[in-house]
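As a plain string of letters, each chain reads:
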Amino acid sequence: MGDSGTTDDNGTVIGLSERDRAILDLEQSATGSTRHKEAVIRRELGLSTARYQQLLNALIERPAALAYAPMLVGRLIRLRDARTLARTTRSFGPPTR
């Protein structure tokens, strides 16, 4: 199984497991409160929230995920990069002069 992001004759993206597609679909449709989303993650996928985030972060790096849900993956990468930048530019302690 490769991460080429190509599709088969049925239009299914090759390189994504059913669980990978379920994670992306859940993330796409997730609206409402954080508690509700956590409950859906546990009920539908059988994952803890931390494990779900780990899998999602790894998944958005794969070309097959970009081919499957380009708008979602692009948005998630932008959000992650913005959080990373905010974390790296954060200053702890008094400003230096």
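Structure's up top.
These notes cover the structure that comes with them.

Cut-offs applied
Residues numbered from 1 in each chain as written. Predicted model: local features only at pLDDT ≥ 70, side-chain atom pairs only at ≥ 80, totals over all residues. Heavy atoms only, no water. Helix = DSSP H or I, 4+ residues; strand = E, 2+ residues; numbered from the N terminus. Buried < 20%, exposed > 50% of the residue type's maximum accessible area, 1.4 Å probe, protein only. Contact = heavy atoms within 4.5 Å. Areas by Shrake-Rupley, 256 points an atom, 1.4 Å probe, with all protein chains shown as cover. 1 Å grid on protein atoms, 1.4 Å probe; cavity = no way out; pocket = protein on both sides within 12 Å on 5 of 7 lines; lining within 4 Å. Points joined across faces, edges and corners; volume = space filled by probe spheres on them. Nonpolar A, V, L, I, M, F, W, Y, C, P; charged D, E, K, R; others polar. Core = buried A, V, L, I, M, F, W, Y, C linked by side-chain atoms within 4.5 Å. Salt bridge = Lys/Arg side-chain N within 4 Å of Asp/Glu carboxyl O.

### Notes on the overall build of the chain
In step 1: Summing up its helical and strand segments, the chain has five helices and zero strands in all.
In step 2: Listed N to C, the secondary structure of the chain is α-α-α-α-α in terms of helices and strands.
In step 3: The buried share of the chain, reckoned over its 97 residues, is 28%.
In step 4: Taking the intrachain contacts of the chain between residues at least 6 apart in sequence as the baseline, contacts between residues at least 24 apart amount to 48%.
In step 5: Total accessible area on the chain stands at roughly 6900 Å², and carbon and sulfur atoms take up 53% of it.

### Structural notes on the layout of surface pockets
In step 1: Looking at the largest pocket, its volume works out to about 160 Å³.
In step 2: Looking at the largest pocket, the residues that line it are Glu27, Lys37, Gln53, Leu56, Asn57, Ile60, Arg75, Leu76, Leu79, Arg80 and Arg83.
In step 3: Elements represented by at least two residues in the lining of the largest pocket include exactly helix H3 (49-59) and helix H5 (70-89).
In step 4: Tallied by class, residues from the lining of the largest pocket come to four nonpolar, two polar and five charged.

### A closer look at the nonpolar core
In step 1: Residues Ile23, Leu24, Tyr52 and Leu56 are the most contacted members of the largest nonpolar core, which totals 19 residues.
In step 2: Of all the secondary-structure elements, those providing two or more residues to this core are helix H1 (18-29), helix H2 (34-45), H3, helix H4 (63-68) and H5.
In step 3: No other element matches H3, which puts four residues into this core.
In step 4: What Leu56 contacts, discounting residues up to four positions off in sequence, is Ile23, Leu24, Glu27 and Leu76.

### Description of the pattern of salt bridges
Pairing between side chains becomes possible if they bear opposite charge and their charged atoms approach one another.
In step 1: Enumeration over the complete set of coordinates arrives at five salt bridges.
In step 2: Between Lys37 and Glu27 there is a salt bridge, with its nearest N and O atoms 3.0 Å apart. Residue Lys37 is found in helix H2, and its partner Glu27 is found in helix H1; the two are separated by 10 residues along the sequence.
In step 3: You can call Glu27 buried: its relative accessible area is 9%.
In step 4: With a closest N to O distance of 4.0 Å, Asp81 and Arg80 form a salt bridge.

### Observations concerning the environment of Ile60
In step 1: Mapped onto the elements of the fold, Ile60 is located in the loop between H3 and H4.
In step 2: Under the relative-accessibility criterion, Ile60 is labelled buried at 3%.
In step 3: In this structure, the C-alpha to C-alpha distance between Ile60 and Asp20, residues 40 residues apart in sequence, is 9.9 Å.
In step 4: Sequence-distant contacts of Ile60, that is, excluding residues within four places in its chain, are made with Val73, Leu76, Ile77 and Arg80.

Purely spatial values, then, with no claim about function.
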